[in-house]
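Each chain, written out:
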Amino acid sequence: MSKTLLIKNATVVVTMNDARDEIKHGAVFIRDNVIEQVGLSADLPENADEIIDASGHVVLPGLINTHHHMYQSLTRAIPAAQNGELFNWLTNLYPIWAGLTPEMIRVSTLTAMAELILSGCTTSSDHLYIYPNQTRLDDSIEAAQQIGMRFHGARGAMSVGQSKGGLPPDRVVEDEHAILRDTQRLIETYHDDRRHAMQRIVVAPCSPFSVSRDLMREAANMARAYKVSLHTHLAENLNDIAYSREKFNMTPAQYAEDCGWVGHDVWHAHCVQLDDHGIDLFARTGTGIAHCPCSNMRLASGIAPIRKMLDAGVAIGLGVDGCASNDAGHMLGEVRQAMLLQRVGFGPDAMTARQALEIATLGGAKVLNRDDIGALKPGMSADLVMFRMDQIGFAGALHDPVAALVFCTPANVAYSIINGRVIVREGQCTTIELGMLVERHNALSLTLAETAR
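Keep in mind the model is a prediction, meaning the values are calculated, not measured. (Residues numbered from 1 in each chain as written. Predicted model: local features only at pLDDT ≥ 70, side-chain atom pairs only at ≥ 80, totals over all residues. Heavy atoms only, no water.)

Chemist: Looking at this structure, how should I read the overall build of the protein?
Modeler: Along its length, the protein carries 14 helices and 17 strands. At 21 Å, the protein has a C-alpha radius of gyration in line with the 22 Å of a compact globule built from 453 residues. Counting contacts in the protein only where the partners sit at least 6 residues apart, residues at least 24 apart contribute 75% of the total. About 16900 Å² of surface is accessible on the protein, with carbon and sulfur atoms providing 49% of the total. For the protein, the centre of its 38 positive side-chain charges and the centre of its 51 negative side-chain charges are spaced 1 Å apart. (Helix = DSSP H or I, 4+ residues; strand = E, 2+ residues; numbered from the N terminus. Rg over C-alpha atoms; globule rule 2.2 N^0.38 Å. Contact = heavy atoms within 4.5 Å. Areas by Shrake-Rupley, 256 points an atom, 1.4 Å probe, with all protein chains shown as cover. Lys, Arg positive; Asp, Glu negative; His and termini not counted. Charge placed at Lys NZ, Arg CZ, Asp CG, Glu CD.)

Chemist: What is the right way to read the pattern of salt bridges from this model?
Modeler: Here the idea is simple: oppositely charged side chains can pair when their charged atoms come close. Going through the model one piece at a time under the given rule, you end up with 25 salt bridges. In this structure, Arg217 and Asp258 form a salt bridge, with 2.7 Å as the shortest nitrogen-oxygen distance. You can see Arg217 sitting in helix H5 (residues 213-226) and its partner Asp258 sitting in helix H7 (residues 252-258), a full 41 residues away along the chain. Here Asp258 falls in the partly exposed class, since its relative accessible area comes to 32%. Linking Arg354 and Asp400 is a salt bridge whose minimum nitrogen-to-oxygen distance equals 2.9 Å. Here Asp400 lies in the loop between strand E14 (384-388) and helix H13 (401-407) and Arg354 lies in helix H12 (residues 353-367), a separation of 46 residues in the sequence. One salt-bridge network, held together by shared partners, links Arg136, Asp138, Arg155, Glu174, Asp182 and Arg185. (Salt bridge = Lys/Arg side-chain N within 4 Å of Asp/Glu carboxyl O. Buried < 20%, exposed > 50% of the residue type's maximum accessible area, 1.4 Å probe, protein only.)

Chemist: Where do I start with the pairing of strand E5 (residues 57-61) in this structure?
Modeler: Looking along a regular strand, one sees the side chains alternate between the two faces of the sheet. Burial analysis of E5 places five of its five residues in the buried class, which makes it a mostly covered element. Pairing of E5 with E14 involves five bridges; the strand directions are antiparallel. In the strand pairing of E14, Val58 is matched with Phe387. (Pairing = 2+ DSSP bridges.)

Chemist: Help me understand helix H1 (residues 86-97), please; the structure alone is not making it clear to me.
Modeler: Relative to the 16 Å expected for 12 residues at 1.5 Å per residue, H1 spans 16 Å between its end C-alpha atoms, a close match to the ideal helical length. Restricting attention to buried positions, one finds in H1 the residues Leu86, Phe87, Trp89, Leu90, Leu93, Tyr94, Ile96 and Trp97. At its buried positions, H1 is contacted by helix H6 (238-248), helix H9 (293-298) and helix H14 (434-451). Measuring from the backbone nitrogen of Phe87 back to the side-chain oxygen at the start of H1 gives 3.1 Å, which picks out Glu85 as the cap. (Expected span 1.5 Å × (residues − 1). Polar contact = N/O pair within 3.5 Å; in protein donor to acceptor, adjacent residues only side chain to side chain.)

Chemist: Would you take a moment to explain H5 for this structure?
Modeler: An α-helix turns once per 3.6 residues; consequently, residues spaced three or four apart project the same way. End to end, H5 covers 20 Å across 14 residues, agreeing with the expected 20 Å (1.5 Å per residue, within 8%). All buried positions along H5 are accounted for by Leu215, Met216, Ala219, Ala220, Met222 and Ala223. Summarising the axial view, the buried residues of H5 lie within an arc of 165 degrees, below the 170-degree limit, and thus occupy one face. When the buried face of H5 is taken as reference, the exposed residues oriented beyond 90 degrees from it are Asp214 and Ala225. Elements in contact with the buried residues of H5: helix H4 (176-190), strand E9 (199-205), strand E10 (230-234) and H7. (Arc of directions from axis to C-beta.)

Chemist: I would appreciate a short explanation of a nonpolar patch on the surface in the present structure.
Modeler: Judged by side-chain polarity, Ile303, Val344 and Phe346 come together as a nonpolar surface patch covering roughly 280 Å² of accessible area. Among the structural elements, Ile303 can be located in the loop between H9 and helix H10 (306-312). (Patch = residues over 30% accessible without salt bridge, like charges linked within 9 Å, V, L, I, M, F, W, Y side chains within 5 Å.)

Chemist: What should I look at first to understand the packing of helix H2 (residues 102-118) against H14 in this one?
Modeler: Two packed helices can be described by the angle between their axes and the distance between those axes. For the pair H2 and H14, interaxial distance at closest approach is 10 Å and the crossing angle is 130 degrees. With respect to H14, the element H2 is oriented oblique. Where H2 crosses over H14, the two elements pack in a sense that is left-handed. When H2 is examined against H14, the residues Glu103, Met104, Val107, Ser108, Leu110, Thr111, Ala114 and Leu118 are found in contact with a partner set consisting of Leu434, Leu437, Arg440, His441, Leu444, Thr447 and Leu448. Of the residues belonging to the contact of H2 with H14, the class tally is nine nonpolar, four polar and two charged. (Axes fitted to C-alpha atoms, helices over the stretch in contact; angles between N-to-C directions. Parallel < 35°, antiparallel > 145°, perpendicular 65-115°, else oblique. Left-handed = near helix turned anticlockwise from the far one by under 90°. Nonpolar A, V, L, I, M, F, W, Y, C, P; charged D, E, K, R; others polar.)

Chemist: Sorry, what's going on with unusual backbone geometry here?
Modeler: Glycine aside, a negative phi is what most residues show, and trans is what most peptide bonds show. At Asn9, a position not held by glycine, the phi torsion is positive, near 65 degrees. Tracing the chain through its elements places Asn9 in strand E1 (residues 4-14). For Asn9, a relative accessible area of 32% puts it in the partly exposed group. Here Asp321, not a glycine, exhibits a phi torsion of approximately 65 degrees, which is positive. Within the secondary structure layout, Asp321 lies in the loop between strand E13 (315-318) and helix H11 (331-346).

Chemist: Sorry if this is basic, but what is going on with the environment of Ala157 here?
Modeler: Tracing the backbone shows Ala157 in strand E8 (residues 150-157). Taking relative accessible area as the criterion, Ala157 reaches 1% and is therefore assigned buried. Considered as a pair, Ala157 and Leu167 are 10 residues apart in the sequence and their alpha carbons are 13 Å apart. If near-sequence neighbours (up to four positions away) are discounted, Ala157 is found in contact with Tyr129, Glu174, Ile179, Ala204, Pro205, Cys206, Ser210 and Val211.

Chemist: Please clarify how the nonpolar core should be interpreted in this entry.
Modeler: Core analysis: the biggest nonpolar cluster contains 147 residues, and Ile7 and Trp97 have the highest contact counts within it. For this core, the element with the highest residue contribution is H2, accounting for 10 residues. Sequence-distant contacts of Trp97, that is, excluding residues within four places in its chain, are made with Tyr71, Gln72, Thr75, Trp89, Leu90, Tyr129, Ile130, Pro132 and Ala324. Core analysis: the second largest hydrophobic core is formed by 11 residues, Val202, Ala204, Ala315 and Ala365 among them. (Core = buried A, V, L, I, M, F, W, Y, C linked by side-chain atoms within 4.5 Å.)

So, to be careful, I would describe these as geometric facts and stop short of saying anything about function.
As structure tokens, then:
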């Protein structure tokens, strides 16, 4: 028997539909896990199994996070990695991460997802690329199922250790045949290619400086055989460029193309230092990018030319990146930072508030190769978030409440609905006990740091 949910009387419903309609006094009618109607409250059904009065709220499509390393929430602001650029930062953290356990993966994933959901995110990818002590991507998948988040689990991998010219220590890399076997297992066990799927698997060797060319190519072949997406890091900073030129005699974009890592089923994280050839290549092939502004600033990687990429036709999504290179996982805060950083780099008109929100919704859906999320319109997955506008941070900004969400202090949601299910109600998570989770997470964080000493 179907269940209906009506959200009505919204100050404004931001649809992100083809016309980018913003409906004052708007409403959304949901049946089971799919949006059935969007329009004026006066024009939609008056009755439903559950009715949420959205008076004084802005309603948005759920935000989409296209790049994260959720386990890193255990090592936020850790003294060994507070400073330094990417390679130095990683070198200091690999020995700590070598102590990760299955419980640490599950608890850190729950913690990162709770933070994301409270900040407006309803769909997230997670790139887990280190697997010590019998940890598995299954640990992350179980966490996503428990909290109720729409999840793209990326089976990352590192196979080239320091003895072979890679960056990670040999003790945290894996055998390439074992990587491919486990990736196949995960796809066959968990991947759901249907519309409105809550769980998908992504093939995701970590980076050109931690896996071989053979693994990159074999991973691409496997992904195409199973029709799943591909994800990795690319062109993150100048050292990344130098490594690619020295090791492969190619730019990162040339190397990606050589390995078969371009196309609508591929998205790369960062691309801060992507050159003009790379931008043109990605635009022509439909290759996506996960833009991570806070992390790029934290590690001094540079300012990605997102405005230039968008104008060229590159698909751009937004990512908070790992909690140890951002130290936050606030999706709406990342939207704000994306707008501000483009203005710092390329002028005051480089990005508007609504363009930043579009990257975080429609852009993220395109990067993840989905046509069922990112907008509020009939036939789309029932993923939406609601922000109360009577908070102190929005005082004086109600001339344009949609822009206020981006310009003003990043707020947490009042409601989050994922797949038609209320996951946050009046600012509180309904699927987990947050206090107990944070307490356990902090204990595990201290244990992990102490183990590495």
